[in-house]
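# A closer look at the structure
Below, each chain spelled out in residue letters.
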There are 2 protein chains.
Amino acid sequence: MNFMDQKTNLITLSDVAAAAGVGESTVSRVLRNHGSFSEKTRARVMAAVERLGYVPNRIAGALASTGTPLVAILVPSLSNIVFADLLSGVTRTLENHGRQAVFAVTDYDLDKEEALVAALLAWRPAAVMLVGMEHSEGTRRMLRAAGCRIIELLDIDGDALDIAVGFSHVAAGRETAARLADAGRRSIAYVGHDLKRDTRGAKRFSGFCAGLAEAGLTLADREVRDAPSSVGEGKAGLAALLERSPAIDAVYFSNDDMALGGYFYCLAKGIAVPDRLAIIGFNALEICRHTPQPIASVLTPRIEIGQRAAELFLSDAPSQVLDLGFSVVTGGTL
Amino acid sequence: MNFMDQKTNLITLSDVAAAAGVGESTVSRVLRNHGSFSEKTRARVMAAVERLGYVPNRIAGALASTGTPLVAILVPSLSNIVFADLLSGVTRTLENHGRQAVFAVTDYDLDKEEALVAALLAWRPAAVMLVGMEHSEGTRRMLRAAGCRIIELLDIDGDALDIAVGFSHVAAGRETAARLADAGRRSIAYVGHDLKRDTRGAKRFSGFCAGLAEAGLTLADREVRDAPSSVGEGKAGLAALLERSPAIDAVYFSNDDMALGGYFYCLAKGIAVPDRLAIIGFNALEICRHTPQPIASVLTPRIEIGQRAAELFLSDAPSQVLDLGFSVVTGGTL
DNA sequence: TTGTACGCGTTATCAA
DNA sequence: TTGATAACGCGTACAA
């Protein structure tokens with residue numbers, strides 16, 4: 001034994017037991033408030049815990065009880081506030097139940113997702129939460145073999161592996177088209193970001209086109225940026241679009257970041273919104289409620305999705321698809 | 001043994017060993033590429049792993065090797081993109097080294113932080129990262145006793161427990177005041193959010209006041225909202241401020257969310273920026289670069305802070321305070 | 001109500 | 001290059 005070893009002085013359960021003059025299992029029972037013990041013993045144990053500054057080792061606990069209180073969460077990105085909201089909802093609910101979240105960022109890459117799922121599964125989580133319903137075959141196989149709860153978030157357009165909590169992006173896109181058509185717009189375009197990776201954005205777009213068709217319209221033009229969504233891309237995207245198709249009278253942006261960019265472009269160029277150009281985005285970010293004209297958007301219950309997902313897991317609910325819906329928020333730009 | 005037990009069929013190391021016709025330690029060595037073994041054995045082991053779909057149990061591994069590859073991260077909030085950026089920086093670096101991040105959200109509450117630190121320490125992380133340098137005495141005690149690396153992020157104004165990576169918020173506030181004064185502003189006010197909880201915001205404010213004093217000025221007025229920062233609060237804050245003090249010619253907002261709200265208020269009310277009112281925020285969010293007039297702000301290297309913090313930990317660097325600085329970004333609003 | 005002893009799935013030590 | 005075997009720290013029957 002090396003006396004310089006930093007971990008040499010870590011207190012263990014048996015140290016506490018010795019200090020309190022009781023058996024190890026007694027300490028274990030007191031600490032987890034499980035089984036029976038006298039009040040007197042409890043006091044002695046707690047005193048020893050306090051005195052020694054004992055911190056239980058959950059690693060050992062998890063091994064012994066075969067089953068961890070860990071929940072693995074994978075999100076495509078953190079630069080989009082939407083996923084941060086999702087995480088908030090999940091962790092807020094989990095924390096109150098002694099559960100711990102371990103997470104990773106996939107960068108919208110299904111291969112990376114697969115690698116990360118493998119890494120996270122090694123921690124034997126009680127549940128794995130991931131965004132969307134598109135996964136590699138390897139991911140699906142591992143997940144199914146893992147024997148833990150699998151919760152897909154934010155999307156319900158597809159076949160759920162176990163539990164899915166979200167809403168239909170196809171329906172959201174379709175509804176958006178209907179609103180634009182109802183508002184009398186006839187020359188409608190789309191400004192979006194990299195859809196190869198953002199499959200939910202792609203679903204909205206396909207729903208949008210379907211919605212236009214149902215209204216007897218076709219997409220007037222589209223500008224798809226080869227980059228992640230951002231305010232800057234939205235701005236540049238609208239600029240490019242209008243240069244090509246100046247007669248456009250409405251634009252659907254792939255999300256609010258993009259829409260904000262478009263809106264700023266209009267402000268800067270003096271383009272009348274919504275008279276000359278209607279704008280609608282997606283997500284209903286707080287900021288869009290406070291621009292000079294509130295930007296029309298689609299409100300998505302992302303925090304609630306996280307919470308409900310965590311609750312379903314905690315309550316050991318049966319496999320299911322939970323549609324939490326969305327709602328169109330009309331603002332001054334439509 | 002219950003044959004309905006879901007975890008009954010999980011493959012273990014010894015299953016692989018048996019299938020490959022080798023000893024357990026051999027499998028372990030091959031999998032970790034540690035120690036020596038013949039190419040032939042390696043192939044046999046890997047084949048068995050593949051065939052059985054074996055996923056190593058890191059829980060058991062961590063227990064056996066006393067020392068986990070876990071890094072605990074605590075952030076005050078996730079609704080502010082700044083902390084999401086921080087997380088991105090940290091996890092991106094960690095992932096490439098087989099490390100796993102476990103995280104929790106403190107809601108800017110030091111008591112909650114203490115409880116969460118206790119919970120996270122139970123996982124015996126190799127490092128604990130937390131935002132800021134203000135912690136409860138209990139938190140500090142536990143951390144010191146834990147014998148793991150302690151990394152404080154985003155702030156360097158204070159006494160570091162071990163490693164600190166960030167910049168000086170006091171200096172940032174002071175510099176902001178100097179810029180405003182240099183720009184000829186004389187009636188300068190502050191619009192902020194809940195500073196009891198956001199201690200870094202409070203440091204910026206104190207630095208700002210010091211900076212004004214150095215320029216021979218005093219704060220003309222201040223509007224501090226009793227709520228977390230948001231675009232809405234920034235807007236309402238500026239409205240309240242201007243009603244009270246219409247002669248103000250410059251406003252320092254506690255951060256860019258607040259500043260955006262103020263800027264939108266000006267746009268909506270037709271207040272000339274910067275002619276009549278100069279605006280400067282903090283963080284230099286992407287969106288502020290794309291508003292009709294780019295909003296002046298202070299660029300903070302948050303992703304880099306996360307990366308460097310992770311790198312210092314990975315390289316087993318000595319205790320230190322790393323100042324990554326900040327830079328003032330002048331925009332159209334100053 | 002309490003303590004003993006075994007097992008959880010690895011890693012590490014050491015001898016072969 | 002290999003394979004027993006002893007930890008790792010705790011939960012959990014089971015016995016007391």
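Every value quoted in this text rests on a predicted model; they were computed, and no experiment measured them. (Residues numbered from 1 in each chain as written. Chains lettered and ligands numbered in written order. Predicted model: local features only at pLDDT ≥ 70, side-chain atom pairs only at ≥ 80, totals over all residues. Heavy atoms only, no water.)

### A few points about the relation of the copies chain B and chain A
- By a simple turn and slide, chain B fits onto chain A: the slide is 0.0 Å along the axis, the RMSD is 0.1 Å, and the turn is 180°. Viewed as a symmetry operation, the transformation between the two copies matches a two-fold axis. When each C-alpha of chain B is compared by its distance to the rotation axis, valine 102 of chain B comes out closest, at 2.1 Å.
- With an isologous cut-off of 70% or more, the 100% of interface residues of chain B that recur at the interface of chain A puts this contact in the isologous class. (Least-squares fit on C-alpha atoms with pLDDT ≥ 70 in both. Contact = heavy atoms within 4.5 Å.)

### Points about the pattern of salt bridges
Residue and element names in this part refer to chain A.
- In total, this model carries 32 salt bridges over all chains according to the counting rule given.
- Among the salt bridges present, the one from aspartate 155 reaches lysine 203, with a minimum N-O distance of 2.4 Å. Here aspartate 155, found in the loop between strand S4 (149-153) and strand S5 (163-166), pairs with lysine 203, found in helix H9 (residues 199-214); they are 48 residues apart in sequence, far enough to count as distant.
- Through salt bridges with shared partners, one network takes in Asp221, Glu223, Arg225, Glu233 and Arg244. (Salt bridge = Lys/Arg side-chain N within 4 Å of Asp/Glu carboxyl O. Helix = DSSP H or I, 4+ residues; strand = E, 2+ residues; numbered from the N terminus.)

### Some details on the packing of helix H1 (residues 13-20) of chain B against helix H3 (residues 39-52) of chain B
Residues and elements named next belong to chain B.
- Two numbers describe how H1 lies on H3: the axes approach to 9 Å, and their chain directions differ by 120°. Taken together, the axes of H1 and H3 lie oblique to each other. Handedness of the crossing formed by H1 with H3: right-handed. Where H1 approaches H3, its residues Asp15, Val16, Ala19 and Ala20 are matched on the opposing element by Arg44, Val45, Ala48, Val49, Arg51 and Leu52.
- Here the contact of H1 with H3 is composed, by residue class, of 7 nonpolar, no polar and 3 charged. (Axes fitted to C-alpha atoms, helices over the stretch in contact; angles between N-to-C directions. Parallel < 35°, antiparallel > 145°, perpendicular 65-115°, else oblique. Left-handed = near helix turned anticlockwise from the far one by under 90°. Nonpolar A, V, L, I, M, F, W, Y, C, P; charged D, E, K, R; others polar.)

### Side note on the sheet that holds strand S5 (residues 163-166) of chain B
- If you walk across this open sheet you meet the 12 strands as S11(A)-S5(A)-S4(A)-S3(A)-S1(A)-S2(A)-S2(B)-S1(B)-S3(B)-S4(B)-S5(B)-S11(B), and the pairing is mixed. The strands lining the two open edges of the sheet, one partner per strand, are strand S11 (320-323) of chain A together with strand S11 (320-323) of chain B. Averaged over neighbouring strand pairs, the angle between their axes works out to 20° when direction is ignored.
- By the bridge criterion, 3 bridges tie S4 of chain A to S5 of chain A in an arrangement that is parallel. Note on S5 of chain A: the bridge partner recorded for leucine 153 of chain A is valine 165 of chain A. (Pairing = 2+ DSSP bridges.)

### Describing the UniProt feature "domain: HTH lacI-type" (unreviewed entry) in chain A
- Under the UniProt annotation, the feature "domain: HTH lacI-type" (unreviewed entry) is placed at residues 11-65 of chain A.
- Between the C-alpha atoms that bound residues 11-65 of chain A there is a distance of 20 Å. The span itself is 69% helix and 0% strand. (UniProt positions renumbered as here; feature names shortened; annotations may be inferred.)

### A word on the confidence of the model for chain A
- Confidence along chain A averages 94 in pLDDT terms, with 97% of residues attaining 70 or more.
- Ignoring residues within four places in sequence, the model shows residues 1-8 of chain A, a span with pLDDT below 50, making 4 contacts including any to other chains. (pLDDT = per-residue confidence, 0-100.)

### Remarks on the protein's contact with DNA strand D
- Around DNA strand D sit 24 residues in total, of which Leu13 and Tyr54 of chain A together with Thr26, Arg29 and Ser36 of chain B are the nearest.
- Within 4 Å of the protein, atoms of DNA strand D come from sugar and phosphate in 65% of cases.
- Tyrosine 54 of chain A has a polar side-chain atom sitting 2.3 Å from a phosphate oxygen of DNA strand D.
- Take alanine 64 of chain B: an N or O atom from its main chain is 3.1 Å from a base oxygen of DNA strand D. (Near = heavy atom within 4 Å. Polar contact = N/O pair within 3.5 Å; in protein donor to acceptor, adjacent residues only side chain to side chain.)

### Quick notes on the protein's contact with DNA strand C
- What surrounds DNA strand C is a group of 25 residues, the closest being Arg29, Ser36 and Thr41 of chain A together with Leu13 and Ser28 of chain B.
- In DNA strand C, atoms within 4 Å of the protein come 62% from sugar and phosphate.
- Here a phosphate oxygen of DNA strand C and a backbone polar atom of glycine 23 of chain A are 2.7 Å apart.
- The backbone of alanine 64 of chain A places a nitrogen or oxygen atom 3.3 Å from a base oxygen of DNA strand C.
- Here the surface near DNA strand C gets 4 residues from one element, more than from any other, and that element is helix H2 (residues 24-32) of chain B.
- Residue composition of the surface near DNA strand C, grouped by class: 8 nonpolar, 14 polar and 3 charged.

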